[in-house]
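This is what each chain is made of:
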Amino acid sequence: MLKAAEQFAKLPGIGMKTAQRLAYHILTLPVESVREFAEGVVSARETVQFCGVCQNFTESDTCLICRDSSGEHSRRNARIICVVESPKDVSAVERTGGYDGVYHVLHGLLSPMDGTHPDDIRIRELMERLCGDVSEVIMATNPTVEGEATAAYIGRLVKQVGGGDIKVTRLAYGLPAGAALEFADDVTLTRALENRNEM
């Protein structure tokens, strides 16, 4: 049981108590169910790959979103690229239902302290995409030190490669809907003031 718990504890966000609960649950299942679970995980790891265009996870050479951005009946605007840190960020933006452009997944953020440099994430692949007909790059990295540094770095590169013809934008940050001012932290409130809109 300890060995199973140790394996679950290797997953992000899983502490030892949760890992033990998961391990106990697995031990109560029929062997065939456990085998199906394990085979499903192994199968996903073996079949899922990076999209040849946007670097998102896919089971084919090109992901569904990128396939939907080409051809005469495309529903996606391939001229607008939203740059995100990870595939789960693509899912978050897609849930809004308000974005019809395409994506580029970096699979990390710049962090010299952690040894993550430009060659360690998918910046080169993004720059190659800019040779096509791109009008805007939206930097949608998280508002952390690493996210801001990555957005600034890529923004400079995009302007150099695009010769000033490609607009670089950053997601607006501020107060969430329904939030009270008194509970907002200083950074969030500052961002809300900076990104205020005309009424």
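Conventions and cut-offs
- Residues numbered from 1 in each chain as written.
- Predicted model: local features only at pLDDT ≥ 70, side-chain atom pairs only at ≥ 80, totals over all residues.
- Heavy atoms only, no water.
- Core = buried A, V, L, I, M, F, W, Y, C linked by side-chain atoms within 4.5 Å.
- Buried < 20%, exposed > 50% of the residue type's maximum accessible area, 1.4 Å probe, protein only.
- Helix = DSSP H or I, 4+ residues; strand = E, 2+ residues; numbered from the N terminus.
- Salt bridge = Lys/Arg side-chain N within 4 Å of Asp/Glu carboxyl O.
- Pairing = 2+ DSSP bridges.

Engineer: Honestly, the nonpolar core in this entry has me stumped. Any pointers?
Structural biologist: Buried together is how nonpolar side chains tend to be arranged in soluble globular proteins. If you look at the biggest cluster of nonpolar residues, it comprises 31 residues, and the most contacted ones within it are Val83, Leu130, Val137 and Ile154. When residues of this core are traced back to their parent elements, those giving at least two are α4 (64–67), β3 (77–84), β4 (101–105), α6 (123–129), β5 (136–139) and α7 (145–162). Counting residues per element, this core draws most heavily on β3, which supplies 5 residues. Of all hydrophobic cores here, the second largest spans 5 residues; its members include Ala5, Phe8, Ala19 and Ile26.

Engineer: For this particular structure, what's the right way to read the pattern of salt bridges?
Structural biologist: Any two side chains of opposite charge can pair, given that their charged atoms come close. Considering all chains together, one arrives at 7 salt bridges under this definition. Of the charged contacts in the structure, one is a salt bridge between Glu32 and Arg35, with a shortest N-O distance of 3.3 Å. Linking Glu32 with Arg35, this pair stays in helix α3 (residues 31–47), spanning 3 residues, or about one helical turn. Judged by its relative accessible area of 43%, Glu32 is partly exposed. Given a relative accessible area of 41%, Arg35 falls into the partly exposed group.

Engineer: Would you explain the pairing of β5 in this entry?
Structural biologist: Along any regular strand, the residues point their side chains to alternate faces of the sheet. Residues Glu136 and Ile138 point to one face of β5 and Val137 and Met139 to the other, with burial holding for every one of them. The sheet contact formed by β3 and β5 spans 4 bridges and is parallel. Bridging from a neighbouring strand, Ile81 pairs with Val137 of β5. With 4 bridges joining them, β5 and strand β6 (residues 167–170) adopt parallel strand pairing.

Engineer: Looking at this structure, I do not really get unusual backbone geometry. What am I missing?
Structural biologist: Among all residues except glycine, the phi angle is most often negative; among peptide bonds, the trans geometry is most common. The backbone of Gln55 shows a phi angle near 75°, a positive value even though the residue is not glycine. By the element assignment, Gln55 lies in the loop between β1 (49–50) and β2 (57–58). With a phi angle near 60°, His107 is a residue other than glycine that sits in the positive phi range. Topologically, His107 is positioned in the loop between β4 and α6. The class of His107 is partly exposed, set by a relative accessible area of 25%.

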